[in-house]
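Now for the letters of each chain:
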Amino acid sequence: ACTGIENIDEAITLLEQNNWDLVAAINGVIPQENGILQSEYGVETLHGPAYGPSSHSAAASSAPSSSSAFRHVVPSRQIVERQPRMLDFRVEYRDRNVDVVLEDSSSVGDIKHILENELQIPASKMLLKGWKTGDVDDSTVLKSLHLPKNNSLYVLTPDLPPPSSSHSGALQESLNQNFMLIVTHREVQREYNLNFSGSSTIQEVKRNVYDLTSIPVRHQLWEGWPPSATDDSMTLAASGLTFPCHRLTVGRRSSPVQTREQSEEQCTDVHMVSDSDGDDFEDATEFGVDDGEMFGVASSALRKSPMMPENAENEGDALLQFTAEFSSRYGDCHPVYFIGSLEAAFQEAFYGKARDRKLLAIYLHHDESVLTNVFCSQMLCAESIVSYLSQNFITWAWDMTKEANRARFLTMCTRHFGSVVAQTIRTQKTDQFPLFLIIMGKRSSNEVLKKIQGNTTVDELMMRLMAAMEIFSAQQQEDIKDEDEREARENVKREQDEAYRISLEADRAKREAQEREMAEQFRLEQIRKEQEEEREAIRLSLEQSLPPEPKEESTESVSKLRIRTPSGEFFERRFLASSKLQVVFDFVASKGYPWEEYKLLGTFPRRDVTQLDPNKSLLEVKLYPQETLFLEAKE
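Calculation notes
Residues numbered from 1 in each chain as written. Predicted model: local features only at pLDDT ≥ 70, side-chain atom pairs only at ≥ 80, totals over all residues. Heavy atoms only, no water. Axes fitted to C-alpha atoms, helices over the stretch in contact; angles between N-to-C directions. Helix = DSSP H or I, 4+ residues; strand = E, 2+ residues; numbered from the N terminus. Parallel < 35°, antiparallel > 145°, perpendicular 65-115°, else oblique. Left-handed = near helix turned anticlockwise from the far one by under 90°. Contact = heavy atoms within 4.5 Å. Pairing = 2+ DSSP bridges. Buried < 20%, exposed > 50% of the residue type's maximum accessible area, 1.4 Å probe, protein only. Polar contact = N/O pair within 3.5 Å; in protein donor to acceptor, adjacent residues only side chain to side chain. Phe/Tyr/Trp six-rings, centres within 6.5 Å; stacked < 30°, edge-to-face > 60°.

Peer 1: What exactly am I supposed to notice about the packing of helix 12 (residues 383–392) against helix 15 (residues 458–545) here?
Peer 2: Between two packed helices, what matters for the description is the angle formed by their axes and the separation of those axes. One way to put it is that helix 12 packs onto helix 15 with a least axis distance of 10 Å and a crossing angle of 15°. The angle between helix 12 and helix 15 places the two elements in the roughly parallel class. The interaxial crossing formed by helix 12 with helix 15 has left-handed handedness. Between helix 12 and helix 15, the contacting residues are Ser384, Ile385, Tyr388, Leu389 and Asn392 on the first element and Val458, Leu461, Met462, Leu465, Met466 and Met469 on the second.

Next comes the structure, spelled out in structure tokens:
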């Protein structure tokens, strides 16, 4: 809309060349210095700058439909021939500056030929540096680089010997050095450490500071630039900065006092911008009009909502409204107010571990005090104060404007701090507000360390906060030491209790193991006795069931068996030859050698008699008339 460029690839290329800085990309295509706005199909010339309050009245007669700070150029297809665009170059070489003016249809080589005549240096020995798009060659057409009207370049001649002048050598060396700029933002008292090469321009520094501080370049008020730094296109190496570090201070330029006609023009300008779609809209402060002073209305008259509702039942809800109203009046950069009752704030600040405890800062607000607006906007919302409070304090707030809220706070104050502190606050006059109370928690009571009134400065407020922190830190170190000693004693006691508990458990486990072992032995003994009794009963039963031993003079066939035990003992018995083999087994079992556990072996031939059929007779198994057997335990 501003440049008439319809090719999206060309637009993206321009943005990339300017590091996606929209304003820089537009300025590169539409240089404001000569008032020429170019389009793809032709050119249109304006008298005066392309934007600003004074341009609107001039543009109104020629283009009444325009409602933006930038003029929209309508492509004119009736213009066939394109007027040449002139480019200005300031070229630095050692101790000389050469001004070159060329059409944008010229090439980089044309610049070198002009410099060859001016500097008496062969063009083949020159290195032309300072292009924002990087290095280019001699055949590059200037139009393809999308340069602004005014440009700064410098010449390097590495193949030529340095001149005898020490100044030009120092300048050449400075172009390759890095400068550390320590920039102080005056309003917020904050420092920025910025590194720039010597070939960077002053304009580049100002644009970087705009990114950090949000102060537009045209509103920046600088202190600390050397007297020789008169042009923003000048390089840092040539500006006379102190190497390697140089201190600068930047602030926002205050709006000048306007005449009645200027104010009318400006108000017309503001109305015109507000009627637009919102593109390229700037805050009223950019036109020198403050929020609370627009059209002569005082800022206090615009603020109708109270900071805190009267007779609020819940302190947390009251503080939510206080925080929201504070943000709407003074911006989002303010202390983080604790949402909750004063008792809850005490709990949060004082009753944790000693290392986690903080001071309690109570801010008492009063809308009718003449100091309130300045204190809130300039001191309480200063970035250094906000940061320090958030790191070291729990901040709680209360509005003393309404009498009911004032009485409620005095009741809380009497309960927590005593009647003396409550009486001190009760006697405070309206113009002595706002108040800042710094509270430190102690073992027995809460102590008011500092009472800070609103008639102070940022530095004084910071010093008093830091002084309170020193007192608190000393007390905190003692509390930490006492807490560590107490925890050490408790740890020793816990360790002793734990060792005693482990010893008791070990003794109990040992005793239980012994009891289990004794119970197991008793159980095994009982089993063994039962087994022995059972075996003895079986033995006696078998012994009683044996047939009587036949006599030697018996008329029936008798077999005489001699049996050897594993212990080497022998026992003999006579059996009828017609008796079954089972009778022999029963006899051996009656002696304590059951055939389930022992086997009965014959000698000649060696055989396992227990494997034979127990229902056969001794005669059939050839244990007649006599036989020697021996017992052997089964595996």
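Peer 1: Before we go on, may I ask you to explain the sheet that holds strand 11 (residues 359–365) in this structure?
Peer 2: The pairing of strands in a sheet comes from backbone hydrogen bonds and takes either a parallel or an antiparallel form. If you trace the four strands from one edge of the open sheet to the other, you get 12-11-13-14, paired in mixed fashion. Only two strands of the sheet have a single neighbouring strand rather than two, namely strand 12 (393–399) and strand 14 (446–453). Between one strand axis and the next, the sheet turns through 20° on average, direction left out of account. Its contacts with the sheet place helix 9 (residues 315–330) against strand 11 and strand 12, and it is angled at close to 90° to strand 12. Helix-sheet contacts for helix 15 involve strand 11, strand 12, strand 13 (435–441) and strand 14, and the interaxial angle to strand 14 is about 170°.

Peer 1: Just checking my understanding: could you explain the side chain of threonine 184 for this structure?
Peer 2: Its place among the elements puts threonine 184 in strand 7 (residues 178–185). Judged by its relative accessible area of 16%, threonine 184 is buried. With residues up to four places along the chain from it excluded, the contact list for threonine 184 reads Arg190, Glu191, Leu248, Thr249 and Val250.

Peer 1: Explanation requested: the environment of histidine 366 in the structure shown.
Peer 2: Here histidine 366 is to be found in the loop between strand 11 and helix 11 (372–380). Judged by its relative accessible area of 4%, histidine 366 is buried. It is 8.6 Å that separates the C-alpha atoms of histidine 366 and lysine 402, two residues lying 36 residues apart in sequence. Not counting residues up to four positions away in its chain, the partners in contact with histidine 366 are Thr372, Asp399, Met400, Thr401, Thr430 and Phe433. Polar side-chain contacts of histidine 366 include one of 3.2 Å to the backbone nitrogen of glutamate 368.

Peer 1: When you look at the packing of aromatic side chains in this model, what are you seeing that I'm missing?
Peer 2: The relation between two aromatic rings is expressed through the spacing of the ring centres and the mutual angle of the planes. All told, the structure shown has 19 aromatic pairs when counted by the stated rule. A centroid spacing of 5.8 Å and a plane angle of 85° characterise the contact between phenylalanine 346 and phenylalanine 417, whose relative ring orientation is edge-to-face. Pair noted here: phenylalanine 346 is in helix 10 (residues 342–350) and phenylalanine 417 is in helix 13 (residues 403–417), with a separation of 71 residues, a long-range link. You can call phenylalanine 417 buried: its relative accessible area is 12%. Relative to phenylalanine 436, the ring of phenylalanine 375 has its centre 6.4 Å away and its plane inclined at 65°; by these criteria the two rings are edge-to-face. Here phenylalanine 436 lies in strand 13 and phenylalanine 375 lies in helix 11, a separation of 61 residues in the sequence. Each member of the pair phenylalanine 375 and phenylalanine 436 is classed as buried. By the ring-pair criterion, three or more aromatic residues cluster together here, those being Phe322, Phe326, Tyr330, Tyr337, Tyr363, Phe375 and Phe436.

Read these as geometric descriptors, not functional statements.
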